Amino acid sequence: MNCHANKSIECTVHQCSHHCGSENYCSLDRILVGTHESDPTVDQCTDCMSFHRK
Ligand code: SF4
């Protein structure tokens, strides 16, 4: 797989089409992070809005 790992964006979500397989990095130049909560309090409240299922 030819994947350009962006060393500024670590990611472990292997199910995402932008994930770099064996390397735990995102291949995008930038991502958008958001939240599904009205008042986020912990990291689980945040989401990568650039996620795209493989
Ligand atoms: S788009 Fe988000 S979820 Fe997908 S590999 Fe990049 S950082 Fe991870």
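Cut-offs used in this document
Residues numbered from 1 in each chain as written. Predicted model: local features only at pLDDT ≥ 70, side-chain atom pairs only at ≥ 80, totals over all residues. Heavy atoms only, no water. Helix = DSSP H or I, 4+ residues; strand = E, 2+ residues; numbered from the N terminus. Polar contact = N/O pair within 3.5 Å; in protein donor to acceptor, adjacent residues only side chain to side chain. Buried < 20%, exposed > 50% of the residue type's maximum accessible area, 1.4 Å probe, protein only. Disulfide = S-S within 2.5 Å.

**Some details on the side chain of Asn6**
Part 1: Inspection of the secondary structure puts Asn6 in strand 1 (residues 6-10).
Part 2: Within the local environment of Asn6, its side chain forms a polar contact with the backbone oxygen of Asp29, the two atoms lying 3.3 Å apart.

**Considering the side chain of His19**
Part 1: On the secondary structure map, His19 appears in the loop between strand 1 and strand 2 (25-26).
Part 2: By relative accessible area, His19 is classed as buried at 3%.
Part 3: In terms of polar contacts, His19 uses its side chain to reach the backbone amide nitrogen of Gly21, at 3.1 Å.

**So, the environment of Asn2**
Part 1: Here Asn2 is to be found in the segment before strand 1.
Part 2: Residue Asn2 is classed as exposed on the basis of its relative accessible area, which comes to 81%.
Part 3: When the C-alpha atoms of Asn2 and Met49 are compared, they prove to be 23 Å apart, with 47 residues separating the residues in sequence.

**Concerning the state of the cysteines**
Each disulfide is one covalent bond, formed between the sulfur atoms of two cysteines.
Part 1: On inspection of all chains with the given rule, the structure shows one disulfide.
Part 2: Between Cys3 and Cys20 runs a disulfide, and the two sulfur atoms are separated by 2.0 Å. Its torsion about the S-S bond being -80°, the disulfide of Cys3 and Cys20 is classed as left-handed. Separated by 17 residues along the polypeptide, Cys3 in the segment before strand 1 and Cys20 in the loop between strand 1 and strand 2 bring together distant segments of the chain.

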